[in-house]
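Here is how the chains run, residue by residue.
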Amino acid sequence: MTERTNLPAKVTTQDVVVHLGQGGGLVARGMAAVMRSNDPSLAEDYDALYRQARDAYNHITELGDKSGFGIVWTRSDLDDLKDALDAFKQLADRQYGKAYFPLSLLYNGGRSFPAHKEHAQHFARLAFDWCIANQNQNDPEIWNDLGRLYWLGEVVETDYEQALYWYQKAAESGLEQAQYNLGGMYFNGQGVMQDYQQALLWYLKAAEQGHTRAQYALGTMYYDGQGVVQDYEQAMSWYHMGAEQGNAWAQQSLGYMYEKGQGTPQNYELASLWFRKAAEQGLARAQFNLAAMNNSGQLVAQDHEQAKFWYLKAAEQGHARAQYELGIMYSKGQGVTQDYQQAAYWYLKAAKQGHVRAQYAVGTTFSKGRGALQDYQQAAFWYGKAAEQGHAEAQFSLGFLYEKGQGVTQDYQQAVSWYNKAAEQKHALAQLNLGYLYNNGLGVAQDDQQAVFWFLKAAEQGDIQAQYTLGIMYDNGQGVTQDDQQAVFWYGKAAEQGHAEAQFNLGFMYSTGRGVIRDDQQAASWYRKAGQQGETRALEQLKVLGISNREQINRAAWEKLNEFTLGWQTPE
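Chemist: How do you make sense of the packing of aromatic side chains when you look at a structure like this?
Modeler: The description of an aromatic ring pair rests on the distance of the ring centres and on the angle between the ring planes. Within the structure shown, the criterion is met by 26 aromatic pairs. Centre to centre, the rings of Phe288 and Tyr311 are 5.7 Å apart; their planes meet at 50°, and the pair counts as tilted. On the criterion of sequence distance, the pair formed by Phe288 in helix H14 (residues 284–296) and Tyr311 in helix H15 (residues 304–316) is long-range, its members being 23 residues apart. For the residue pair Phe288 and Tyr311, the accessibility class agrees, reading buried in each case. Aromatic ring contacts, followed pair by pair, group Tyr46, Tyr50, Tyr57, Phe88 and Tyr96 into a single cluster. When the ring centre of Trp143 is taken as origin, the NZ or CZ atom of Lys169, which lies over that ring, is 4.5 Å away.

Following this line, the structure appears as C-alpha cells:
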C-alpha cells in the first residue's frame, strides 16, 4: 500500500507549476523560421518546430474534454490546431518520426475538427513502427506515445499491460502527461488492479507540474472521497488551479461547488462566472448549468432569453437535459414564441437518448396531439419507454391506455400491472383507478377490500374522487364494516373540495342524523352547495326540510338559492 505521507495536507496555487498558454501564432512563427533557415534540413530546426507544435497541441487538448476532442473548439483553438497540423505534416514529409503520432490523433478529428480516418490509420501505423524502432532512446515522450498506441488499440490489439509498462517508464522519467495517463490506468483498473491511492499519487505528480487534467482529476477524487477522505476544500483547491489555467471541466466543477456551497460559501455570481468560462469553451454541461441558473432566477434577474441561448448551445451538442429543457421553454413560451412543434422536436431529441421525462413528454405530445398529430400508438410506445425506467406518470398513462384500449389492444391485466407500479410510487390517480379495477373485477379477481385499500391510499393524498368513493364504501359497508361516522368523514373531505355528490350525501347524513347529530341547518347548507353545482336532488331535499318557510334560513341565502333554481328544469 502506498504511503500517503508525501501528500500535502492542503495545497495552494503557489505549490504548483503553472503552464503558460501556447499560441498557434507561435507554431506558425516556428514554421516560418524553419523555412527561412539556410539549411532547413538541420535537425535542430526540426526539433524546435516539433517542440513548438507538440506543446501547442498538448496544451489545447489537455484543456479540453477528457476524451480529447469532446468539446467544440473555439475559433482560436481550431486555428492553433491547424497550425500544429501543418507543422506535423511538414515534419512527417521529412520522415520526422515523432510527428507521426500527434498527426494521427489530429486526423482522427472531433466535433469541430475535420477527420480523415484513412490518414489517421496510416500515421498511427507509422507512429507505432517508429516508436518500436526507437524505444531504446532515452525519450519519455516516445514511451508515452507507445503506451497510448497500445491503450488505443487502433494499430495493434488493445494491450493495457503494455500501455501500463510504457506509461510507467515515461512517468518515472518525469513526463507529466505520462504521469496523468498512469494515474488513469490505476484509477480505472486497466492493466493493473484498481488502486485509488496509486492513482492519486501519479495524478499529484502531474498536477504539481501544472497538468490541468491531473488537477481536475485530483479535485474529483477529493470531491468523491476516492482514495482519500472526502474533502470539499481540497477538491475546490485543485479545481481552482485547473480552472485558472483554462481547463473547462475544472471550471464547470468549480462553478458547481460555488452554486451548491460545497467547500465554500454559496455564491451564485461566482458559479455563473465559472460556468460561463467553461460554456464559452463549448462544454455542454456548463452551458446547461449556466442556462439553468438564468432560467431559475438564481441570479440577480431571471433571464429566459439567456437561458434559451445556452440551452440551445448545449442541445445542439446532444445534451439530453438541455434538449428537454428547451422543449419546456417552447411549450410554455418562455424566452421564445410558444411553439408546440418545436417543443415536440426537442423532446424527441432527448427522448431518443433515453431521457425519461422527455420520453413521457413525447408520449403526452402524441396522446394530446399537441405539436404532432394525435397518435395513441406512438403515445403508448413512448409512455412505455419512460414507464420501464420507473416514471410514475408514464406508468399511469400507459395503464390508462391499456384500460381504454387506445393505441394498444385493451388489456385490463396490463392496466392493473402498470397502475400498480405507479400506485406503489404514491401516484394518487393510479391508486384510484386500481381501486376501481378491483371494485369491478377487471383484470383481477373482484375484491372490495383491495378496492378500499387503494381508495384509502388515494384519499389520504387528497384525491377528491377517492374520498367520495370511500364515503360510499363506508356508507354501504362494501369492503369494510358499515360505518356512518367514517362515511360522514370522507364525504366531508370530498365536500370541502367541492364534490357536488359528496355535498349532497353529506347533507343527507345531517338531515337524517346518520353518523352525526341531526342538524337541518348543516343539511341545508350542504344541499345548497350541491344545488349550486347543478345537483337537482338537493332542491327536493330542501323542500323536504321545509325550507319554504323563509324564517328558518338566512334571507339573503334564500334569495340566492331562489335565483339559482329558477333556471332548473323539472326532471321528467
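Chemist: What is the right way to look at helix H20 (residues 392–404) in this model?
Modeler: Residues spaced three or four apart along an α-helix face the same direction, because each turn holds 3.6 residues. Here H20 contains 13 residues, and its C-alpha end-to-end distance of 18 Å stays within 8% of the 18 Å for a straight helix at 1.5 Å per residue. Burial analysis of H20 places 10 of its 13 residues in the buried class, the great majority of the element. Restricting attention to buried positions, one finds in H20 the residues Ala392, Ala394, Gln395, Phe396, Ser397, Leu398, Gly399, Leu401, Tyr402 and Glu403. On the buried face of H20, the contacting elements are helix H18 (356–368), helix H19 (376–388), helix H21 (412–423) and helix H22 (428–440). Backbone geometry just after H20 places Gly405 at a positive phi near 70°.

Chemist: Even after reading the chapter, I still don't get the side chain of Glu535, so can you show me in this structure?
Modeler: Position of Glu535 relative to the elements: it lies in the loop between helix H27 (520–531) and helix H28 (537–544). A residue is classified by how much of its surface remains accessible, and Glu535, at 11% relative accessible area, is buried. For Glu535, the side chain forms a polar contact with the side chain of Arg537, separated by 2.8 Å.

Chemist: Just to check I follow, could you spell out the confidence of the model for the chain for this structure?
Modeler: Atom-level detail of predicted coordinates should not be read off regions where pLDDT is low. When the pLDDT values of the chain are averaged, the result is 88; 85% of them are 70 or greater. Here residues 564–572 scores under 50 on pLDDT; set against residues more than four positions off or in separate chains, the count is nine contacts.

Chemist: Explanation requested: helix H13 (residues 268–280) in the structure shown.
Modeler: With 13 residues, H13 ought to run about 18 Å at 1.5 Å a step, and its terminal C-alpha atoms sit 18 Å apart, in line with that. For H13, the complete set of buried residues consists of Ala271, Ser272, Trp274, Phe275, Ala278 and Ala279. In this structure, the buried residues of H13 make contact with helix H11 (232–244), helix H12 (248–260), H14 and H15. Of the residues flanking the start of H13, the one acting as N-cap is Asn267, its side-chain oxygen 3.1 Å from the backbone nitrogen of Glu269. Backbone geometry just downstream of H13 places Gly282 in the positive-phi region, at approximately 95°.

Conventions used here
Residues numbered from 1 in each chain as written. Predicted model: local features only at pLDDT ≥ 70, side-chain atom pairs only at ≥ 80, totals over all residues. Heavy atoms only, no water. Phe/Tyr/Trp six-rings, centres within 6.5 Å; stacked < 30°, edge-to-face > 60°. Helix = DSSP H or I, 4+ residues; strand = E, 2+ residues; numbered from the N terminus. Buried < 20%, exposed > 50% of the residue type's maximum accessible area, 1.4 Å probe, protein only. Lys NZ or Arg CZ within 6 Å of the ring centre and 35° of its normal. Expected span 1.5 Å × (residues − 1). Contact = heavy atoms within 4.5 Å. Polar contact = N/O pair within 3.5 Å; in protein donor to acceptor, adjacent residues only side chain to side chain. pLDDT = per-residue confidence, 0-100.

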